[in-house]
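# Chains, contacts and geometry: an overview
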Amino acid sequence: MRYNSTVSENDQNGKTDCLELLNLVLDSAASEEEKESFKEHLKQCMPCYEKYSLDMAIKKLIQEKCCGKHVPEGLVASIRAKVIHIAE
Amino acid sequence: MSEKQRKSYSRKEKELIFDTEFLPHIDSMYNFAYRLTFDEDDSKDLVQDTYLKAYRFITSFERGTNAKAWLFRILKNSFINDFRKKSKEPSKVDYQEVESYYNSDEVDKTITTDLRVETVQDMIGDEISNALNALDVDFRTVIILCDLEGFKYDEMAKILDIPIGTVRSRLHRARNLLKEKLSGYAKKMGYNN
């Protein structure tokens, strides 16, 4: 599948609207109604479907690969000890 | 928060808030710090500074409100005000030049890639992490806050001290830039499309 930034070649307003909706869904900021509307739109708009699929694949990959850092052993204890010192 | 709005907590209450509302976010905080500094020792220092500041200013925190966003805001400010100045990392590019380019409409028009979903799904190594790390810190930050930490637009606006509209456009640009980086890796990996 190819990513193409042009969502709709003929309808500039439509392009802006569906891109806006796509971004809201992607950013987990869309309402249930907007999500439903976007889902319907995807059935008839291949460029949006392709862009959404690619963006979601990247988002999923980020979530899988970029959060492996865990706090080093001893840091929590060290912070707590310093906090108790401040409190005293 | 103004002086009038400051909370009055006993020492026991402060410790309870610290343990039950602040410390549970320490893994996310450390991961964020690491993605900003790229160094484990610096990340430890940054997280520790953040938690000590959080405790010192605990009267500005209202129990039951969004502790995670509050802590992320402190960490981000500590990074900018204290850490970034001390950082030995050289400036790789002229920042003004980068900002004016990224804030122009050109960035949306010119960034197109022929990246495929299947190619992204085949990236099982460090490509995504490297691509994210290669982004300018402001773009990297919004991706981390939104995609990894699940913050909403209004929360990100508060953490970053920028309007919601700027959060949205920065996220959009960051996603485009990330795709551009990944497309570059895909070509190196031998995928032609």
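Look a little higher up for the structure.
The sections below set out a description of the structure shown in this document. Fair warning: this is a prediction, and the values are worked out from it, not measured in the lab. (Residues numbered from 1 in each chain as written. Chains lettered and ligands numbered in written order. Predicted model: local features only at pLDDT ≥ 70, side-chain atom pairs only at ≥ 80, totals over all residues. Heavy atoms only, no water.)

### A closer look at the overall build of chain A
- When helices and strands are counted, chain A shows four helices and zero strands.
- Looking at the 88 residues of chain A, the share that counts as buried comes to 38%.
- For chain A, the accessible area works out to roughly 5,200 Å², and carbon and sulfur atoms hold 48% of it. (Helix = DSSP H or I, 4+ residues; strand = E, 2+ residues; numbered from the N terminus. Buried < 20%, exposed > 50% of the residue type's maximum accessible area, 1.4 Å probe, protein only. Areas by Shrake-Rupley, 256 points an atom, 1.4 Å probe, with all protein chains shown as cover.)

### A short note on the interface of chain B and chain A
- Tallying the contact residues gives 49 residues for chain B and 40 residues for chain A.
- Both faces combined, the contact of chain B with chain A buries some 4,300 Å², and carbon together with sulfur accounts for 63% of it.
- For the interface between chain B and chain A, the tally reads six salt bridges.
- One salt bridge in this structure joins D19 of chain B and R80 of chain A, with 2.7 Å as the shortest N-O distance.
- Counting across the interface, chain B meets chain A through 14 residue pairs in polar contact (both at pLDDT 80 or more).
- Broken down by secondary-structure element, the contributors of at least two residues to the side of chain B that touches chain A are α1 (11-22), α2 (26-37), α3 (40-56), α7 (117-121), α8 (127-134), α9 (137-148) and α11 (164-188) of chain B.
- When grouped by side-chain class, the residues that make up the side of chain B that touches chain A number 24 nonpolar, nine polar and 16 charged. (Contact = heavy atoms within 4.5 Å. Buried area = accessible area lost by both parts, 1.4 Å probe. Salt bridge = Lys/Arg side-chain N within 4 Å of Asp/Glu carboxyl O. Polar contact = N/O pair within 3.5 Å; in protein donor to acceptor, adjacent residues only side chain to side chain. Nonpolar A, V, L, I, M, F, W, Y, C, P; charged D, E, K, R; others polar.)

### Some remarks on the environment of K12 of chain B
- Tracing the backbone through its elements, the reader meets K12 of chain B in helix α1.
- As a C-alpha pair, K12 of chain B and C146 of chain B span 134 residues in sequence and 34 Å in three-dimensional space.

### Describing the pattern of salt bridges
- Across all of its chains, the model carries 16 salt bridges over all chains by this definition.
- Between K179 of chain B and D55 of chain A there is a salt bridge whose closest N-O contact spans 2.5 Å. Taken together, the positions of K179 of chain B in helix α11 and D55 of chain A in helix α3 (residues 46-65) put the pair across two chains.
- The exposure class of D55 of chain A is buried, given its relative accessible area of 3%.
- The salt bridge partner of E13 of chain B is R63 of chain B, with a shortest N-O separation of 3.9 Å. Of this pair, E13 of chain B sits in helix α1 while R63 of chain B sits in the loop between α3 and α4 (67-86), and the two are 50 residues apart along the sequence.
- A residue is classified by how much of its surface remains accessible, and R63 of chain B, at 37% relative accessible area, is partly exposed.
- A single salt-bridge network, built from bridges that share partners, covers D27 and K59 of chain A together with D147 and R175 of chain B.

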